[in-house]
Amino acid sequence: MKETILKKFEEVFGDNSDAKVYFAPGRVNLIGEHTDYNGGHVFPCALTIGTYGVARKRTDNRLRFYSMNFEQLGIIESSLDDLVPSKEADWTNYPKGVMWAFGEKGMKVPCGMDLLLNGNIPNGSGLSSSASVEVLTGFILKDMFGFDVTNQDLALIGQYSENQYNKVNCGIMDQFAIAMGKKDNAIFLDTADLSYEYAPIVLKGAKIVIACSNKKRGLGDSKYNERREECETALAELQQTVDIKTLGDLDEAAFEQAASAIQSDVRRKRAKHAVYENQRTMRAVEALKANNVARFGQLMNESHISLRDDYEVTGIELDTLVEEAWKVEGVIGSRMTGAGFGGCTVSIVKDEAIDNFIEKVGAAYKEKIGYAADFYVVEIGDGPRAL
Ligand code: GLA
C-alpha cells in the first residue's frame, strides 16, 4: 500500500520528495449504541482497515487534496485562508474542519500542504470513514508541525470539527475508538467522564464479521440529530422529578420509576433504549471478562431489538441482515452497528460457520432487498501512526 500511494502522490502532485505516509483505522462498535451522547458506555474497537494518507508541507498557504476513493473529483484546491465549509469542498470539508479546529484551539496551522488519501473502509458504511479522516488529519498535523496534543486530544478535536464545522452532532465514540485503538482490544469507554479501559477480545474459535447493507447514508441526512433532541427533551422531563445529569445515570429500575415524567410515548421509548443499552453494555463487558462469549452475543441480540423497536434506527436492510444471521447455526450474536438507518451489522460467528453465514445471509438479503450485501471478516487493530 505504501508504495502504491506514494507513486500515486507523485503522479498527482508532480513528485513525492519529502512526502510521508500515515494511517488511521476505521472502527466497529460491538455494543453500546446511541449511548455516547447520553452519558453512557460504549464498547468499540479500531479495525485493521482504515484510511492511508500521504502528506507534504508546502511553502505557501495552499491546500491541495486528492482522494483515490473519489478520483472523478480530481484535485480539490483550497487555502488555509479559506477554512469555511462549502458544498464544493466535498470530502475535503473533513480535513479542512480539523485544520480549522486546531486553529480554534490555539494551534494555527503554519503552512499549506498536499494531501492524498486512500481508504479501504467502504464509504458511508457506518465504519466511521469520516472520523478516520479526521483523526488521520489531526495525527498528520501533530507529526508535521509538532503540536503538543495527545491521541485523546485528537479524538476531541475531531469531534469538535465534526460538530462545529461539519454540523453533525455526533458523540465522541468514533473519534475516540480510532485515536485510542489497540490491537486485539475493544475500548470500554464511559462517555460521562471519558474514563476507559481496554478489554482483550478473545473469541476462541470465532471471528467478528461485518455485513455491509450497501444502503448508503450520511449522518447529516439521517434522523441522527432528531434522536439526540428526543433524548435531550426526555432528560429535561425526567430532571423535573429525579436528580440526574444524563440518562446514563439511571439504571432500569430507577428509569421505570421515573418514566411517567416523560410526556410522550415516543420519547419514553427513546430514553428507555438509552438507559437499558447502557446497562446492557456494562453487563456485556462483564460477561466478556468472565469468558462468557455466549452471554455477550445474547446481549448483542437484545441491543438490536431495542434499536429496532424502541430507538427505531434500523430499517428493513439492517433488520434483514440481523434476523437472517440469527437463523444461522454458529452465530453467537448479531446486531446493527453505528448510527443505523443503513450501514453495517456486526456479528460474532464461529470459524466453521463463517462461509455458510456469508452464503445464507447474503442470499436471503439479495432475495428480499434486491441488491447484494458485502461481508468482511475483520481484525482489531491499532490507532493512528506514521508508516
Ligand atoms: C455515530 C456517531 C457516534 C454514535 C453512533 C451511535 O457513529 O458518530 O457518536 O452516536 O452513531 O452509537
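As the structure is a prediction and not an experimental result, all values here were calculated from the model.

Another point: the environment of Val 328. Turning to its location among the elements, Val 328 is positioned in the loop between helix H10 (316–327) and strand E9 (331–337). Taking the C-alpha atoms as reference, Val 328 lies 22 Å from Asp 309; in sequence the two are 19 residues apart. Excluding its chain neighbours within four sequence positions, the residues that come into contact with Val 328 are Asn 356, Phe 357, Lys 360 and Val 361.

The local shell around the ligand holds 13 residues, among which Glu 33, His 34, Asp 36, Asp 174 and Tyr 224 are the closest. For the ligand, an oxygen atom lies 2.6 Å from a polar atom in the side chain of Glu 33. In the model, an oxygen atom of the ligand is placed 2.6 Å from a nitrogen or oxygen of the Asp 36 side chain. Residue composition of the shell around the ligand, by class: six nonpolar, three polar and four charged.

Another point: helix H8 (residues 265–289). Between the first and last C-alpha of H8 there are 36 Å, a value that for 25 residues agrees with the 36 Å anticipated at 1.5 Å per step. Downstream of H8 by one or two residues, Asn 291 has phi in the positive range, about 60°.

Considering all chains together, one arrives at 30 salt bridges under this definition. The closest approach of N and O atoms between Glu 33 and Arg 335, which form a salt bridge, is 2.7 Å. With Glu 33 in the loop between strand E1 (20–31) and strand E2 (41–57) and Arg 335 in strand E9, the pair connects residues that are 302 residues apart, well separated along the chain. Judged by its relative accessible area of 0%, Arg 335 falls in the buried class. Residue Glu 226 is joined to Arg 227 by a salt bridge in which the shortest nitrogen-to-oxygen separation is 3.2 Å. A residue is classified by how much of its surface remains accessible, and Glu 226, at 33% relative accessible area, is partly exposed. Arg 227 gets classed as buried once you look at its relative accessible area, which sits at 3%. Here the salt bridges share partners, and the residues they tie into one network are Lys 223, Glu 226, Arg 227, Glu 230, Lys 269, Arg 270 and Glu 312.

The rules behind each value
- Residues numbered from 1 in each chain as written.
- Predicted model: local features only at pLDDT ≥ 70, side-chain atom pairs only at ≥ 80, totals over all residues.
- Heavy atoms only, no water.
- Helix = DSSP H or I, 4+ residues; strand = E, 2+ residues; numbered from the N terminus.
- Contact = heavy atoms within 4.5 Å.
- Near = heavy atom within 4 Å.
- Polar contact = N/O pair within 3.5 Å; in protein donor to acceptor, adjacent residues only side chain to side chain.
- Nonpolar A, V, L, I, M, F, W, Y, C, P; charged D, E, K, R; others polar.
- Expected span 1.5 Å × (residues − 1).
- Salt bridge = Lys/Arg side-chain N within 4 Å of Asp/Glu carboxyl O.
- Buried < 20%, exposed > 50% of the residue type's maximum accessible area, 1.4 Å probe, protein only.

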